[in-house]
Amino acid sequence: MPYEQAELLKKIQAVEFCATELTLYLDTHPDDTAALADYNRFAGELAALKKEYTEKYGPLCVFGHEKAEPSWKWVEQPWPWEIEY
């Protein structure tokens, strides 16, 4: 996997981790406006990073999350366990 692709994937994983943790926190602290603002910031950043990755390298996931155009590229990428950092 090219260095640039691996670095972008690492950023996605880090931001997704933050968004997931904030989701769990907000489940028990729904009125925390600072946490909600952080969540919204991370969610926006995550969407932008995933869009960038998909445009450059193909889909990150399957099952209807993204369109498969112009071809079915899902099988052309390394599987998660094949990615070396």
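It should be noted that the structure appears before, not after, this text.
Summary of the structure given here.

Calculation notes
Residues numbered from 1 in each chain as written. Predicted model: local features only at pLDDT ≥ 70, side-chain atom pairs only at ≥ 80, totals over all residues. Heavy atoms only, no water. Helix = DSSP H or I, 4+ residues; strand = E, 2+ residues; numbered from the N terminus. Buried < 20%, exposed > 50% of the residue type's maximum accessible area, 1.4 Å probe, protein only. Contact = heavy atoms within 4.5 Å. Areas by Shrake-Rupley, 256 points an atom, 1.4 Å probe, with all protein chains shown as cover. Expected span 1.5 Å × (residues − 1). Phe/Tyr/Trp six-rings, centres within 6.5 Å; stacked < 30°, edge-to-face > 60°. Lys NZ or Arg CZ within 6 Å of the ring centre and 35° of its normal. Salt bridge = Lys/Arg side-chain N within 4 Å of Asp/Glu carboxyl O. Polar contact = N/O pair within 3.5 Å; in protein donor to acceptor, adjacent residues only side chain to side chain.

### Structural notes on the overall build of the chain
Across its full length, the chain holds two helices and zero strands. With 85 residues in all, the chain has 22% of them scored as buried. Taking the contacts inside the chain whose residues are at least 6 apart along the sequence as the reference set, 53% of them involve residues at least 24 apart. A total of about 6300 Å² of accessible surface is found on the chain, and carbon and sulfur atoms cover 58% of it.

### Examining helix α1 (residues 3-28)
For α1, built from 26 residues, the straight-helix expectation of 38 Å at 1.5 Å per residue is met to within 8% by its first-to-last C-alpha distance of 39 Å. Along α1, the positions that sit buried rather than exposed are Q5, A6, L8, L9, I12, V15, A19, L22 and L26. Tucked into the core, α1 has its buried residues touching α2 (33-57).

### Section: the packing of aromatic side chains
The tally for this structure, following the rule as stated, stands at one aromatic pair. We note R41 situated over the ring of F42; from NZ or CZ to the ring centre the distance is 4.5 Å.

### A word on the pattern of salt bridges
Scanning all chains against the criterion turns up six salt bridges. A salt bridge links K10 to E7; the nearest nitrogen and oxygen atoms lie 3.3 Å apart. Placement of both K10 and E7 in helix α1 is noted, with a separation of three residues, approximately one turn of the helix. A relative accessible area of 26% means that E7 is categorised as partly exposed. Through salt bridges that share partners, E4, E52 and K56 make up one connected network.

### A word on α2
Compared with the 36 Å implied by 1.5 Å per residue over 25 residues, the 36 Å span of α2 between its first and last C-alpha is a close match. Here α2 has its buried residues at A35, F42, L46, L49 and Y53. Looking at the buried side of α2, the elements it contacts are α1. The backbone nitrogen of A34 lies 3.2 Å from a side-chain oxygen of the residue at the head of α2, namely D32.

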